[in-house]
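Architecture and fold: a report
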Amino acid sequence: MTTASNEKKGRSRIWEEFADPERRTAYYMVLPSLLIIVIVAFFPILYGIVLSLTDSTAAAFGSFVGFENYVEMFQDPAFLEGLSNTVIFTVVSVTLEFILGLTIALAINRAFRGRGLVRAAILVPWAFPTVISAVMWRLMFQDRIGIIQYVASTIGIISEPILADRTLLLIAAILVDVWKTTPFMALLLLAGLQVIPNDVYEAARVDGANVYQRFFQITLPLLKGAILVAVLFRTLDSYRVYDLFYGMAQRELESLSTYVYEGVRISQLQFGPGNAAAVFIFVTSFLLALFFITVLGMRTSAEE
Amino acid sequence: MASATARGGSGGVLNLVLFYVFLVIFVLASVLPLIWVFKMSIVTKSELYASPPTIVPNTLSTAEYAQIFSDSAFQKALINSTIIASVTTVICLLLGSIAAYSIARLRFRFKATVMTLILAISFFPAVAIIAPLFIQYSQLGIINTYASVIITDTVFALPLTIWLLVAFFRELPRDLEDAAKVDGATTIQAFRKVIVPLAAPGVFTTAILTFIYAWNEFLFANTFLFDQSTQPVTVVIPNFATIYTVDYGAQAAAAVVVTVPLVILVLIFQRRIVSGLTAGAVKG
Amino acid sequence: MTPNKREGIEMTTRRKINRRDFLKLGGAGLAGAALLGASGCGGGGGGSGNLIFSMGPDDPNKTITKLIDKFNKQNKGEFQVTYREMPADTGQYFDKLRTEFQAGGGDIDVIGADVIWPIQFAAQGWLQDLSDNFPESEQQKFLQAPLEASIYEDGIFAVPWFTDAGLLYYRQDLLDTPPKTWEEFKEMALTVSQEAGIPNGFAFQGSNYEGGVCNALEYIRTHGGDVLENVTSGPVIIDSPESVAGLETYRSMVADGVAPEAVVNYTETESEPVFGDGESVFLRTWPGMYGDIQGGAYKLKGEQVGVAPIPVAPGNESFSTLGGWNMAINAATDMPDEAWEFVQFMTNEENLKYRAIEGGYIPGRSSLLNDPEVDEANPIVGLAKEILLDNATSRPVTQFYGDMSLEMAEQFNAALKGDVSPQQAVKTLQESLSSIMEQAE
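Residues numbered from 1 in each chain as written. Chains lettered and ligands numbered in written order. Predicted model: local features only at pLDDT ≥ 70, side-chain atom pairs only at ≥ 80, totals over all residues.

Attention now goes to helix α9 (residues 210-222) of chain C. Because an α-helix completes one turn every 3.6 residues, residues spaced three or four positions apart along the sequence face the same direction. The end-to-end C-alpha distance of α9 of chain C, which contains 13 residues, comes to 19 Å, matching closely the 18 Å that a straight helix rising 1.5 Å per residue would cover. The element α9 of chain C is extensively covered by neighbouring structure, given that 13 of its 13 residues are classed as buried. (Helix = DSSP H or I, 4+ residues; strand = E, 2+ residues; numbered from the N terminus. Expected span 1.5 Å × (residues − 1). Buried ≥ 20, exposed ≤ 12 C-beta atoms within 10 Å, placed from the backbone.)

Residues and elements named next belong to chain C. Buried residues dominate strand β11 (residues 280-285), accounting for six of its six residues. One ladder, built from four bridges, connects strand β7 (residues 167-171) with β11; its direction is antiparallel. Across the sheet, residue Leu168 finds its bridge partner in β11, namely Arg284. Of the pairings in the sheet, the one linking strand β8 (residues 200-203) to β11 comprises three bridges and is parallel in character. Bridge assignment links Asn200 to a residue of β11, and that residue is Ser280. (Pairing = 2+ DSSP bridges.)

Attention shifts here to the interface of chain B and chain A. Each side of the interface is counted separately: chain B has 93 residues, and chain A has 91 residues. Sorting elements by how many residues they give to the side of chain B that touches chain A places helix α13 (residues 248-279) of chain B first, with 16 residues. (Contact = placed C-beta atoms within 7 Å.)

This part is about the pairing of strand β3 (residues 110-114) of chain C. Residues and elements named next belong to chain C. Within β3, five of the five residues are buried, which leaves it mostly tucked inside the rest of the structure. Residues of β3 alternate between two faces, with Val110, Gly112 and Asp114 on one and Ile111 and Ala113 on the opposite face, all of them buried. Examined bridge by bridge, β3 and strand β13 (residues 320-329) share five bridges and lie antiparallel to one another. Looking at the pairing, Gly112 lines up with Met327 of β13.

For the rest of this paragraph, the subject is the confidence of the model for chain C. Residues and elements named next belong to chain C. Across chain C, pLDDT averages 86, with 89% of residues at or above 70. Note that pLDDT drops below 50 for residues 1-48; the model gives that stretch 78 contacts with residues more than four away or on any other chain. Interface scoring of the predicted complex returns ipTM 0.87; its pTM is 0.86. (pLDDT = per-residue confidence, 0-100.)

This part covers the environment of Ala126 of chain B. When you line up the elements, Ala126 of chain B lands in the loop between α6 (111-120) and α7 (130-140). Separated by 100 residues in sequence, Ala126 of chain B and Phe226 of chain B place their C-alpha atoms 19 Å apart.

For Asn144 of chain B, which is not glycine, the phi torsion reads 65 degrees and is therefore positive. Structurally, Asn144 of chain B can be placed in the loop between α7 and α8 (146-171). The phi dihedral of Lys62 of chain C is positive, around 55 degrees, even though this residue is not glycine. Among the structural elements, Lys62 of chain C can be located in the loop between β1 (50-55) and α3 (63-74). On the basis of neighbour count, Lys62 of chain C is assigned to the partly exposed category, with 14 C-beta atoms found within 10 Å.

Moving on: the sheet that holds β7 of chain C. Residues and elements named next belong to chain C. If you trace the four strands from one edge of the open sheet to the other, you get β8-β11-β7-β12, paired in mixed fashion. Across the chains shown, the open sheet's two edge strands, defined by having one partner strand only, are β8 and β12 (305-308). Strand-to-strand twist of the sheet, defined as the mean angle between neighbouring strand axes without regard to direction, takes the value 20 degrees. (Axes fitted to C-alpha atoms, helices over the stretch in contact; angles between N-to-C directions.)

Bringing the environment of Thr86 of chain A into the picture now. All names here are of chain A. Mapped onto the elements, Thr86 comes out in helix α4 (residues 77-107). Looking at Thr86, the number of C-beta atoms within 10 Å reads 24, which means it is buried. Counting along the chain gives 188 residues from Thr86 to Gly274, while the straight-line C-alpha distance between them is 16 Å. In this structure Thr86 touches Tyr239, Val241, Ser255 and Leu256, once residues within four positions along its chain are discounted.

Dropping the structure here:
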């Protein structure tokens, strides 16, 4: 790769870049993927930004209205509820998944019998289609016939119907998400653990470091890269939660994504605020990713 | 921490027991809900709707399975899911493998930009573009066709495909390619004759992961497809119902049917899938 | 694994790739996908000689399918009708139809439409005005309520097909006469359930969805309130003491323990088995449940169950929310005459009667409500006839009913849960519904 000092000669460098047959081939090879990504993802988001500044409907393009849709969006209680649900859901589920995932990863970071079985068991919830598993979980949370409600009220944890209360529903959704993705988090962290060389621990042991010192001074710092990647992926994944809320609660659990969906696909009158919310999700996701990469110092694998 | 402490002596035995207890709890927590779904699918409807629920099935019935398999809509949905997931996988591998090769092996200036752009998609909130895409697809006339979902799924699966393939390609020895190039092969020939056969296991793993992604996709399918001629299982199953009421028994049976192939895939290829899933992540 | 490996190699090597091909590849991929898509679309038909009819799932006796087969046999060689099965969830079916219209008319020719849809679609110009083919002399043969729900401005946009209305199911074996007022009803529900050792007094559909709107409207209307002054045009009058009283009664079903707490997330799926398996004294649901009980789908036997009108607040009339299905024709159809022929076929006396007997539906023609054969095969028709004719009233049928319903479902559900007071709920609705109505102008 060229260094920063060469940037000045931009134009001629670009010509050189394309004059080199091998480099040209390299561009040709990434071009199809880039094209389809730009056409199907980046162009629509630009279009979405334009739509969010007009009074368009799903059927007809409208005229420019400035930030009216955004004002309306921020005044809509449904949007605010979706925003707060999404933030709570993301923070709580990712935190739980990280703590549980790390515990599990530390525990199974060794050779043992039945490793394959454990790995397969880990992957099963991950491979179960989210929307279908959400519908099945809803059934298990049902008041009359649901096993979870039955067990919970028999042993006296929860007496009121879980599906009837939005707070309980949100907690239930978080638990389902933890069930589905903790194993996955554990797997990513385990992979990170396995590249930490054992002699680092040995050296620390010789120096008299106890278990906790070894964990905080060796494991965590060396695992930082893997942790950041795993947490960023999970955070942005939770942040756009849709299938799970839809399958588990229909209209009763609003998230940012369900708000967008309802605005642009179900309602006839909320197309503007729906699009504004779509842009809002895009911009905030982008900022989140930027935060992880710049502030927390996460490196993308593009750098060799 | 268990890794550092569990060794030797009588304390080791206790540790080992605790360790396996922990494992059993963990595995059960992962698998029990699925076993429960299976249980719901094999009891009669009246037991399924019984209150309180039975823990151990009292009745056994294959009625739900008989029903869904005689249901042409479900068969159609299975076919649709298979077509959507397979075509998406093939296109992703075609586009992804050449792009990944270029990124892993060739030198060019805007590599970091290109990779960031591609990876940005995996952070991309899909719901943010359904409205504009819907309008564009309507204008193209591909709404309610497989194409609408395949194209969109491809874009959202591509980052994963490329990410994995880059990791696999990088691990391959460079010498063979260099040798091929010395023998007068072009870059493309080197890619085709040397890299592709060597990378086949990695490509295969990537294919499984892409397939699972596309098989499980719901949002785009639910947005772009209106009727059962093109809808995949993820859209059709939550809609299983009689005239007014949701048919939970059939949903449970169908959930089992669409998950079993994935579970088998996962059981057979767990080692590969795990190495694939973690390939890109540990590098970070 | 070996064969798979093979495939993997062949897949990527079969094509002879040169530099130029790389450029084409992206295009080829898209084009390939588009081709596949086109063939997927072809399955739906839509070409000449074919009509597409959309409707939710068929009944267990497959009466829709059989009627279509019969029709196709009659028209062999001319044109054929294909049945496109839509989601059972009416909200989703509606959403899909609307999207298809917005995407440029779509390829559905004849639509089996929920009674509240035709006006919404007609306002957008998506349905054919049937006035010429469907003169008043013909219209009079159909039930009044679903017919009125199909009139928009000067046109008529649908033909009544099958009809539905909210009914109060009760345990005939446990009480002699069903209650007339809500006070009596609650009293009876509580005492009878206690005496008979039944866990609940009442079950209904209280969830945040269309069915919840249907339920809550019955409380508001039986207390003398309403949503719109004129059911198809407005203005919004929901903020009234009567509506508040209605929602207070609604809330009291949960607050006073008449219905289980979980009823706030009940739809038909959850509420019907409660009554059907003998766990409640009363149930509010649609007529179809009666046939299910008769057919042995539940623990209760047919003779244990009676149906009655929805109770009232003293001095008011009983109301039942009108449901049911009408038939409408897409304005963009290529074959309007054939489409009309099919609508006539499905709604003629003979075929309506067939479906009433075999499918257990309540026919949309007045004459069939008094038909002894229908009555014998489908006793709910006789039992519910009066209620259907006298009490069934449509929901506010306006152009933007879909958005109004979202608002109402949310507020009614919140009021039922006790999250907002009835006063607050009607106040919120008065504002939001008024602003929706304004946009319709």
